[in-house]
Amino acid sequence: MREAVQSIYDGVLDRNPGQPEFHQAVKEVFESIEPALERKPEYLDAAILERVTEPDRQIMFRVPWVDDSGKVQVNRGFRIEFSSALGPYKGGLRFRENVNLSIIKFLGFEQIFKNSLTGLAMGGGKGGSDFDPHGRSDAEVMRFCQSFMTELARHIGPSTDVPAGDIGVGGREIGYMFGQYKRLRNSYDAGVLTGKGLAWGGSLVRTEATGYGTVLFAQSMLATKGESLEGKKVLVSGAGNVAIYAIEKAQQLGATPITFSDSSGYVVDEAGVDLELLKQVKEVERGRVADYVERRPGARLVTGGSVWDVPGDVALPCATQNELDGDAANTLLRGGCGVVSEGANMPSTPEAVEAFQKAGILFAPGKAANAGGVATSALEMEQNAGRTRWDFATAEAKLTGIMTDIHDSCVAAAEEYGRPGDYVLGANAAGFTRVADVMIAHGIV
Ligand code: NDP
């Protein structure tokens, strides 16, 4: 990093101690947008880097609730309203034990540039809680969601801040939170949350969008080399929303996904994942990956090591941040992997990204490759505002168009700044410059 940028980064470290994930996300953006900063010194003059790393607002609150045994539980809720330069704050809610301020801030920071890349009118935000729905009854999840929304409701609204799902927050949780919001406000503001059920304002393709988009991005990258996913062996991590629909789209495009994982281990199914069985186990029964192996002859469960030890042509990390480190990246490369498209947010460590870039393989960072989810959330908001509903084919065609546009803007930005094929630079520079230009237009706010 050059001196001026390094000193701003040092300021971020000083002001935000103990937030390693946030530091990591900021560092990646600062390093890769240097060519854009050189071209437009007004970004530094207008203190864009200092302002864009300081959230508009950081909300933290107590979430008390009573479990099934009558015991009072207390969790912590977060909503980071990071940037409203391009539109209402937009970004998911994550419910998982390890959620803390650093994780929510890294996710919110990434979200600013991801939302910018979609070309749609969305600012960046993120939220969640250290509550983990695993092993909780539906009644417990409902009571938690109602308590969480009782505080969150005063901060959000269809033109203010529009949360959605993320790890641990799916259709069930969005339903309980929407019900409580409606009750508190006495107003049917369908556009206040996205990822809703189809019967009450949800959009077709929203469930599939992130996973589908990640695979469509990989397909677009391959097309630049005259190749496609047809016949390729695909490694997927995670077994949640993003992973399942990445597997589905990869299969539709003629590839063979052979792995998935959760925090209990990973599954290798050389014959190709049985998607119906995986959906039954994960979406219907909320089971573990071992339940799949029990019912699927030939599939094996591995509880040590990493899913990235399996040789394959394409890797789609779809679980969580920093799940793919430098060693895993080198193992993947030795196993013949030539394409990585990130379905999760920041799943590759900086060492892994460096290894992929050094090897010259096709590597798409999450803020570009997984933007299909938030883009389809914007489509859901559009349908809610127009009190209309599109069919599956219409919504999917829009998603495909948006992913192609994101891919092409990354390619164009990478070329403009002299590093063709560098999707990290392309995504960060294209996402950042749109936000920075609007921040300048809005004055010092
Ligand atoms: P889900 O909760 O549906 O699934 C998450 C999956 O990842 C589960 O299989 C979970 O296993 C696994 N997982 C999570 N943390 C770990 C961990 N520390 N170690 C091993 N496995 C882990 O979440 P999503 O599929 O929605 O989200 C996955 C990723 O995609 C996240 O990084 C999220 O931020 C990102 N993303 C999601 C979007 C969306 O639309 N949903 C949009 C853009 C990005 P287990 O059940 O054992 O916890």
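Residues numbered from 1 in each chain as written. Predicted model: local features only at pLDDT ≥ 70, side-chain atom pairs only at ≥ 80, totals over all residues. Heavy atoms only, no water.

Trainee: Is there a simple way to explain the overall build of the protein in this structure?
Mentor: Tallying secondary structure elements over the protein gives 18 helices and 13 strands in all. For 445 residues, the compact-globule formula gives about 22 Å, and the C-alpha radius of gyration of the protein, at 21 Å, lands near that figure. Principal-axis analysis of the C-alpha atoms gives the protein an extent of 60 × 55 × 45 Å. Out of the 445 residues in the protein, the part that is buried amounts to 58%. Here the contacts in the protein between residues at least 6 apart in sequence split such that 72% fall between residues at least 24 apart. Within the structure as shown, the protein displays about 17100 Å² of accessible surface, and the carbon and sulfur contribution to it stands at 48%. (Helix = DSSP H or I, 4+ residues; strand = E, 2+ residues; numbered from the N terminus. Rg over C-alpha atoms; globule rule 2.2 N^0.38 Å. Buried < 20%, exposed > 50% of the residue type's maximum accessible area, 1.4 Å probe, protein only. Contact = heavy atoms within 4.5 Å. Areas by Shrake-Rupley, 256 points an atom, 1.4 Å probe, with all protein chains shown as cover.)

Trainee: Where do I start with the site of the ligand in this structure?
Mentor: Taken together, 25 residues are adjacent to the ligand, and Arg-96, Asp-166, Thr-210, Ser-263 and Arg-288 come closest. Ala-239 is positioned with one of its backbone polar atoms (N or O) 2.9 Å from an oxygen atom of the ligand. In this structure, Asn-241 approaches the ligand through a main-chain N or O atom, which is 2.9 Å from an oxygen atom. For the ligand, whose free accessible area comes to 890 Å², the fraction covered by protein is 84%. In terms of residue class, the shell around the ligand is built from six nonpolar, twelve polar and seven charged. Looking at which domains feed residues into the shell around the ligand, each of domain 1 (56-188) and domain 2 (209-369) supplies at least three. (Near = heavy atom within 4 Å. Polar contact = N/O pair within 3.5 Å; in protein donor to acceptor, adjacent residues only side chain to side chain. Nonpolar A, V, L, I, M, F, W, Y, C, P; charged D, E, K, R; others polar. Domains from an automatic or database assignment.)

Trainee: I'm lost on the environment of Val-26 in this one. Help?
Mentor: Tracing the chain through its elements places Val-26 in helix α2 (residues 20-32). The exposure class assigned to Val-26 is buried, which follows from its relative accessible area of 0%. On a C-alpha basis, the gap between Val-26 and Phe-109 in space is 7.6 Å, while along the polypeptide they are 83 residues apart. For Val-26, the contacting residues outside a window of four places in its chain are Tyr-9, Val-12, Thr-53 and Phe-109.

Trainee: Is there a simple way to explain the pattern of salt bridges in this structure?
Mentor: In a structure, side chains of opposite charge can pair up when their charged atoms sit close to one another. For the coordinates displayed, the defined rule picks out 26 salt bridges. For Glu-81, the salt bridge goes to Arg-57, with nearest N and O atoms at 2.7 Å. Taken as a pair, Glu-81 in strand β2 (residues 72-83) and Arg-57 in strand β1 (residues 57-66) lie far apart in primary sequence, 24 residues in all. Of the residues examined, Arg-57 reaches a relative accessible area of 40% and is grouped as partly exposed. The partner of Lys-279 in a salt bridge is Glu-248, and the shortest N-O contact between them spans 2.5 Å. With a gap of 31 residues between them, Lys-279 in helix α11 (residues 275-284) and Glu-248 in helix α10 (residues 241-252) connect regions that are remote in the sequence. Take Glu-248: its relative accessible area is 13%, and that puts it in the buried class. Via salt bridges that share partners, Glu-28, Glu-110 and Lys-367 belong to a single interconnected network. (Salt bridge = Lys/Arg side-chain N within 4 Å of Asp/Glu carboxyl O.)

Trainee: What exactly am I supposed to notice about the sheet that holds strand β12 (residues 339-341) here?
Mentor: A sheet is described by the order of its strands in space; here five strands give the open sequence β7-β6-β11-β12-β13, paired in parallel fashion. Among the strands making up the open sheet, the edge pair consists of β7 (256-257) and β13 (362-364). When β12 meets β13, the two strands line up parallel, connected through three bridges. From the neighbouring strand, Val-339 faces β13, where its bridge partner is Leu-362. (Pairing = 2+ DSSP bridges.)

Trainee: Please explain the pairing of strand β5 (residues 161-164) as it appears in this structure.
Mentor: The side chains of a regular strand alternate between both faces of the sheet. Along β5, one buried face is formed by Asp-161 and Pro-163 and the opposite face, lined by Val-162 and Ala-164, is buried too. Bridging between strand β3 (residues 89-95) and β5 involves four bridges; their strand directions are parallel. Bridging across to β5, Gly-91 finds its partner in Pro-163.

Trainee: What exactly am I supposed to notice about the domain arrangement of the protein here?
Mentor: How big an interface is tends to be expressed through the accessible area that disappears when the partners come together. We note that the domain assignment places domain 1 (56-188) and domain 2 (209-369) within the protein. Between the C-alpha centres of domain 1 and domain 2 the distance comes to 27 Å. With 15 residues of domain 1 in contact, the opposing surface of domain 2 contributes eleven residues. Taken together, the two surfaces of domain 1 and domain 2 that pack against each other cover about 1000 Å², and 47% of this comes from carbon and sulfur. Considering only the side of domain 1, the residues that lose the most area to domain 2 are Phe-106, Glu-110 and Lys-114, jointly responsible for 44% of the buried surface there. Our enumeration of links across domain 1 and domain 2 arrives at one salt bridge. Viewed at the interface, domain 2 and domain 1 are joined by three residue pairs in polar contact (both at pLDDT 80 or more). Split into classes, the residues belonging to the side of domain 1 that touches domain 2 amount to six nonpolar, two polar and seven charged. (Buried area = accessible area lost by both parts, 1.4 Å probe.)

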